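# Coordinate inspection notes
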Amino acid sequence: MKLYEYEGKELFRQAGIPVPAGIFMGTPDDEIPLPCPVVLKAQVLAGGRGKAGAIRVALDEMQARAEIRSLLEAPVNGSKVKGVLAEEKVSIAKELYASFSVDRQAGGVLLMTSAHGGMDIEATEQGNISLVRINPLLGLQSYMIRQAGRSLGLTKQQSQEFGDILRSLYGVFVSYHCELAEINPLAVTVDGHLKALDAKVVIDDRAQSMFPQYANRQTEGLTDAERKFSEMGIFAAEMEGDIAVVTAGAGVAMATADALDSQGGTLRVIIDIGGIVGHEVELCTEAFEIVRDLRPKVILFNFFMQVTRLDGIAEAINRVLRYQPFDGKVVVRMKGFFGREGLSLLNGAGFELTDSFSQACTLALRAARG
Ligand code: GDP
Ligand code: MN
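Residues numbered from 1 in each chain as written. Chains lettered and ligands numbered in written order. Predicted model: local features only at pLDDT ≥ 70, side-chain atom pairs only at ≥ 80, totals over all residues. Heavy atoms only, no water.

In terms of helices and strands, the protein carries 11 helices and 16 strands. For 370 residues, the compact-globule estimate of 2.2 N^0.38 gives 21 Å, and the protein exceeds it by more than 25% at 27 Å. Looking at the protein as a whole, 50% of its 370 residues qualify as buried. Pairs at least 24 apart in sequence give 68% of the contacts found in the protein among residues at least 6 apart. (Helix = DSSP H or I, 4+ residues; strand = E, 2+ residues; numbered from the N terminus. Rg over C-alpha atoms; globule rule 2.2 N^0.38 Å. Buried < 20%, exposed > 50% of the residue type's maximum accessible area, 1.4 Å probe, protein only. Contact = heavy atoms within 4.5 Å.)

Moving on, we get to the packing of aromatic side chains. Inspection of every chain in the model, using the stated rule, returns eight aromatic pairs. Judged by centre distance (5.0 Å) and plane angle (70°), the rings of Phe288 and Phe301 are edge-to-face. Of this pair, Phe288 sits in helix H8 (residues 281-293) while Phe301 sits in strand E14 (residues 298-305); the two residues are 13 residues apart in sequence, bridging distant segments of the chain. Site record: aromatic cluster; members linked through ring pairs are Tyr4, Tyr6 and Phe24. For the cation-ring pair, Arg309 lies above Phe338, with the distance from its terminal atom to the ring centre recorded as 3.6 Å. (Phe/Tyr/Trp six-rings, centres within 6.5 Å; stacked < 30°, edge-to-face > 60°. Lys NZ or Arg CZ within 6 Å of the ring centre and 35° of its normal.)

What follows is about unusual backbone geometry. A negative phi holds for most residues other than glycine; trans holds for most peptide bonds. In this structure, Pro37 follows Cys36 across a cis peptide bond, with omega equal to 0°. Cis geometry is adopted by the peptide bond preceding Pro185, which originates at Asn184 and carries an omega value of 10°. In this structure, Pro185 sits in strand E8 (residues 178-189). Even without being glycine, Arg295 reaches a positive phi, approximately 50°. Along the chain, the position of Arg295 falls in the loop between H8 and E14.

Take the site of ligand 1 next. Taken together, 16 residues form the shell around ligand 1, and within it Lys41, Arg49, Gly50, Val90 and Glu95 come nearest. Here an oxygen atom of ligand 1 and a side-chain polar atom of Glu95 are 2.5 Å apart. Asp198 is positioned with one of its side-chain polar atoms (N or O) 3.1 Å from an oxygen atom of ligand 1. Considered on its own, ligand 1 offers 570 Å² of accessible surface; in the complex 84% of this is hidden by protein. For the shell around ligand 1, the secondary structure elements donating two or more residues are strand E2 (38-43), strand E5 (92-103) and E8. A per-class count over the shell around ligand 1 returns seven nonpolar, three polar and six charged. (Near = heavy atom within 4 Å. Polar contact = N/O pair within 3.5 Å; in protein donor to acceptor, adjacent residues only side chain to side chain. Areas by Shrake-Rupley, 256 points an atom, 1.4 Å probe, with all protein chains shown as cover. Nonpolar A, V, L, I, M, F, W, Y, C, P; charged D, E, K, R; others polar.)

Dropping the structure here:
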């Protein structure tokens, strides 16, 4: 789970790491309580913003609002922009790099530092990066900090600040169960102090439940329907085509999508109700109602089940599409456990019924065209 820069910087600030004064802005109309010039940084879960033009400097408030508006409009490297971080502009003398990451090979923590930080860190030669391996039982020791700082060309005062920053960053890394806690650039400012100008914090997904403040992360970027499905434990992808596919199992789902696509069909939504929802008529009913409310031209139910009873699923289909109004067409393929019983429950409702995968796709494509 990646944190946005502004969230990472908030953790840094709480840990005592110096960061620029700044404020997160969700809209261009928010007040900017900072003197200009300001640096405006698109908040996205992707890196490489500098090179993508998503970090801008504004000299006055009018320019700042225009830049914020334009940053909010376009995705950065394919990622949606959540907002803009407006910060005081820091004058940089030098850009360093510092990070802690999980060292899988050694079963420990890896401290990486470099005097060649900034946007080209990926291209920095290995020889210019210092690696210090940390045994998590020992933790971060002073000699490790000295070793990491040796080639950075810092004054005595800066070395002191560097040590404090590394200790605080290590604290964030451990207490937030991070895979990565990175500062790039860690700037040496023109007035000679160290400041974290960027924050990249990645929390181990397995620790996610410990940090409910980031719980929205999984559902961010989902459509309303996708969010509802996700809350029910159903995988769903919403699109803009004609046919809603309702199925169980990722394999059948992909096969159905491919079969329809290869014949020129388009999808409105595809959902995989999985093994749990299928057992509960109530949950199936709820899920099918969401599908119906997307108003697809056709709903194709494609089920091949060995454990889940298909007559229960048929009952849910009847509840939503037989006894309640629906303008589109319905195709149902059922095969497997109580499949025949399921199909006979659906008889007489005006649905197209079959036990064949390929016939179901053909019927759905025809219904979408007609
Ligand atoms: P990234 O490209 O997504 O990693 O975004 P960064 O936050 O690292 O910013 C990219 C570059 O923008 C940095 O390497 C800096 O050179 C520059 N930058 C970021 N913040 C400031 C700032 O406050 N002042 C100045 N002068 N440059 C900044
Ligand atoms: Mn950066």
